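# Structural overview
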Amino acid sequence: MNFARTSVVAFVLSAAFFVLNPAWLRADDRLPNIVFILCDNLGNGDIHCFSPETKHRTPRLDQMALEGMRLTSFYSASGVCTPSRAALMTGCYPRRIGMHVSYEGHAVLKPVDKRGLNPAETTIAELLKQAGYATACFGKWHLGDQHPFLPLQNGFDHFLGIPYSEDMMEGVDPNRPWPPLPSMKDNQVIEAPVEAAKLTKLLTQASVDFIKSNRERPFFLFFPETGPGSRRESYPGEDFRGKSANGLYGDSIEELDWSAGEILNALHECNLDDKTLVVWTNDNGAVRRSPQQGSNAPYSGFGYSTSEGAMRMPCIVRWPGHVPAASECRELCSMMDWLPTVAKLTGQSIPSHPIDGSDIMPLLRNEPNAKSHYDQKGFLYYQTHQLQAVRSGPWKLYLPLEKRFSNAKNAKAMPQDLALFNVLEDVSETTEVSKSHPEIVDQLTRMANQARKSIGDNDSKGSEQRESGWIEYPVPQLIKP
């Protein structure tokens, strides 16, 4: 091949690289690995780097925060499990995609539920699979236990874990003939009932093995931890039982810290630290079923509501060389922002149907003048069918409601009438200021009214709502003979 032809070929290949790859990617880089660790039902006050007064020892998460960024206005899109996971997977408010209630109207999906994540929705895993990623989900899925709704049908190459919450067991409710709690591998039940105390160690090892076996290619690891869980008593592994200063709950938190550390160790051993975006967060705030179980400090309220404690999550983001170390982002961002962020990072197109999140890499890079996109359209606090509050900038407005649908114990600290708080400075919502800022009340009310038109509220359907997946005759997940 002569020099001129060689130059033409080199130019074409170089041009193709920059067309097909994100603008930030250097020629000697590969697409970044994505690791997303999602805990279940812990609180902001349970983690030392967010609440130094905690009794819990979380040295690996503390170190992760020193090496990355703490997001201190990061929100779940719901105060309960299923909706928040649906928001993460799709970039949408749960109500927009019909994942805000079960088919019986409960706040989360139950075993053998008719509803599930609609296969027509585009998930993060599907986007990354299109980009050539290896994909795996190890842990608690909770987006539907019927075949079309399971991880392998929604973009994942591998699944190991439980299809719904670990408290949804045979015999818990005599009015519900639930099957034994199943552990699944891919689409098959491999154990029932599964011993919950062994899950964290088992799933952590599966995650480490996945990282090591895919070190030469980009991968997406979604690790939805099963702890500290939804049971009245947590279920730490044998190596952690009785080791903390806060009973079984504290033991479970410290095991989760160990688990995160094992993931970070594996990335370091594989020389993947600067090639991997790691996110550690939680689906909804602590529920506090017993005096020692869970703290959302300094936020008010508890899980399963629209309080700050229920929806404002501890979140740590680590990506050496891209996310500044020992930094903090106070701008409002949410679970819905990860899909468009990952799409932009990997050069994938976001879905053509409406979504609610936006790319937050400018915030994560701490770029000058980077602002939250929710400042313009507001962030919405839904409780099942009902829009209960909206936030823009520092301001959160609780909307006047005839009835606030929530667990009474978890909601009694919440305002029952119109109330305005500056939740950036007054994080515990101690000073109500609506009379001093009528213009802010009007602005946030307009945002709420716009949301009602597009996404809906109570019995009024929005113009841009979509349907969940649906199975008319669901069957239980059982071990096949």
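Treat the numbers as computed from the prediction; the structure is a model and nothing was measured.

Another aspect to go through is the nonpolar core. Core analysis: the biggest nonpolar cluster contains 51 residues, and F220, F222 and W338 have the highest contact counts within it. The element that contributes the greatest number of residues to this core is helix α8 (residues 338-346), accounting for five residues. Ranked by size, the runner-up nonpolar core spans 50 residues in total, among them V194, A206, F223 and C270.

This part is about helix α2 (residues 59-67). Within α2 the residues assigned to the buried category are L61, D62, M64 and A65. In an axial view of α2, the angular spread of the buried residues amounts to 160 degrees, which keeps them on one side of the axis. Structurally, α2 contributes buried residues whose contacts are with β2 (69-75), α6 (247-269), β9 (276-282) and β10 (312-318).

Looking now at the packing of aromatic side chains. For the structure shown, the criterion picks out 17 aromatic pairs. Each ring, one from F36 and one from W338, has its centre 5.9 Å from the other, and the planes form 75 degrees; the classification is edge-to-face. Placement of F36 in strand β1 (residues 33-40) and of W338 in helix α8 is noted, with a sequence separation of 302 residues between them. When sorted by exposure, F36 lands in the same class as W338, which is buried.

This brings us to the pattern of salt bridges. One pass over the full model with this rule turns up 26 salt bridges. The salt bridge involving R96 is made with E464; its shortest N-O contact spans 3.1 Å. Placement of the pair is R96 in the loop between α3 (81-90) and β3 (115-116) and E464 in the loop between β18 (460-461) and β19 (469-470), with a sequence separation of 368 residues. Note that D239 and K201 form a salt bridge whose closest N and O atoms lie 4.0 Å from each other. Of the two residues, D239 is situated in the loop between β8 (219-228) and α6 and K201 in helix α5 (residues 199-213); the sequence distance between them amounts to 38 residues. One salt-bridge network, held together by shared partners, links D40, R85, K140 and D283.

This part covers the sheet that holds strand β14 (residues 386-392). Hydrogen bonds along the backbone pair up the strands of a sheet, which may run parallel or antiparallel. If you trace the four strands from one edge of the open sheet to the other, you get β13-β14-β15-β16, paired in antiparallel fashion. In the strand order of this sheet, the two ends are held by β13 (379-383) and β16 (419-422), each with one partner. Sheet twist, expressed as the average angle between the axes of neighbouring strands with direction ignored, equals 20 degrees. Alignment of β13 against β14, held across five bridges, turns out to be antiparallel. Bridge pairing in β14 places F379 opposite R391.

This part covers unusual backbone geometry. A192 connects to P193 through a cis peptide bond whose omega is -5 degrees. For T384, which is not glycine, the phi torsion reads 50 degrees and is therefore positive. Accessibility expressed as a relative area gives 18% for T384, which makes it buried. A positive phi is found at N458, a non-glycine position, where the angle reads about 50 degrees. Mapping N458 onto the fold places it in the loop between β17 (456-457) and β18. Given a relative accessible area of 30%, N458 falls into the partly exposed group.

This brings us to the environment of E216. Assignment of secondary structure puts E216 in the loop between α5 and β8. A residue is classified by how much of its surface remains accessible, and E216, at 72% relative accessible area, is exposed. As a C-alpha pair, E216 and D375 span 159 residues in sequence and 40 Å in three-dimensional space.

What follows is about the pairing of β1. Side chains on a regular strand alternate between the two faces of the sheet. The buried count for β1 comes to eight of eight residues, which makes it a mostly enclosed element. Where burial is concerned, the two faces of β1 agree: the one with N33, V35, I37 and C39 and the one with I34, F36, L38 and D40 are both buried. By the bridge criterion, seven bridges tie β1 to β9 in an arrangement that is parallel. Looking at the pairing, C39 lines up with N282 of β9.

A few words now on α3. Burial analysis of α3 places ten of its ten residues in the buried class, which makes it a mostly covered element. Along α3, the residues classified as buried are C81, T82, P83, S84, R85, A86, A87, L88, M89 and T90. Against the buried residues of α3 lie β1, α4 (124-130), β4 (134-140), β8 and α8. In the stretch just after α3, G91 is the one whose phi turns positive, near 75 degrees.

This next bit is on the pairing of strand β7 (residues 188-191). Looking at chain direction, strand β6 (residues 183-185) and β7 are connected through three bridges and run antiparallel. Residue S183 lies in a different strand from β7, and its bridge partner there is E191. Counted along the chain from β6 to the antiparallel partner β7, the turn is two residues long, and its residue D186 has a positive phi close to 60 degrees.

This next bit is on the packing of α5 against α6. Relative orientation of the contacting elements α5 and α6 amounts to 15 degrees, with a least axis distance of 9 Å. What the angle tells us is that α5 and α6 run roughly parallel. Crossing hand, α5 versus α6: right-handed. Of α6, the residues touching α5 (which contributes T200, K201, T204, S207, V208, I211 and K212) are E255, W258, S259, E262, I263, A266, L267 and E269.

Attention now goes to the state of the cysteines. Within the structure shown, the criterion is met by zero disulfides. You can see C333 has no disulfide; the closest cysteine sulfur is in C329, sitting 4.9 Å from it.

Conventions used here
- Residues numbered from 1 in each chain as written.
- Predicted model: local features only at pLDDT ≥ 70, side-chain atom pairs only at ≥ 80, totals over all residues.
- Heavy atoms only, no water.
- Core = buried A, V, L, I, M, F, W, Y, C linked by side-chain atoms within 4.5 Å.
- Buried < 20%, exposed > 50% of the residue type's maximum accessible area, 1.4 Å probe, protein only.
- Helix = DSSP H or I, 4+ residues; strand = E, 2+ residues; numbered from the N terminus.
- Arc of directions from axis to C-beta.
- Contact = heavy atoms within 4.5 Å.
- Phe/Tyr/Trp six-rings, centres within 6.5 Å; stacked < 30°, edge-to-face > 60°.
- Salt bridge = Lys/Arg side-chain N within 4 Å of Asp/Glu carboxyl O.
- Pairing = 2+ DSSP bridges.
- Axes fitted to C-alpha atoms, helices over the stretch in contact; angles between N-to-C directions.
- Parallel < 35°, antiparallel > 145°, perpendicular 65-115°, else oblique.
- Left-handed = near helix turned anticlockwise from the far one by under 90°.
- Disulfide = S-S within 2.5 Å.

Honestly, it's all geometry; don't read function into it.
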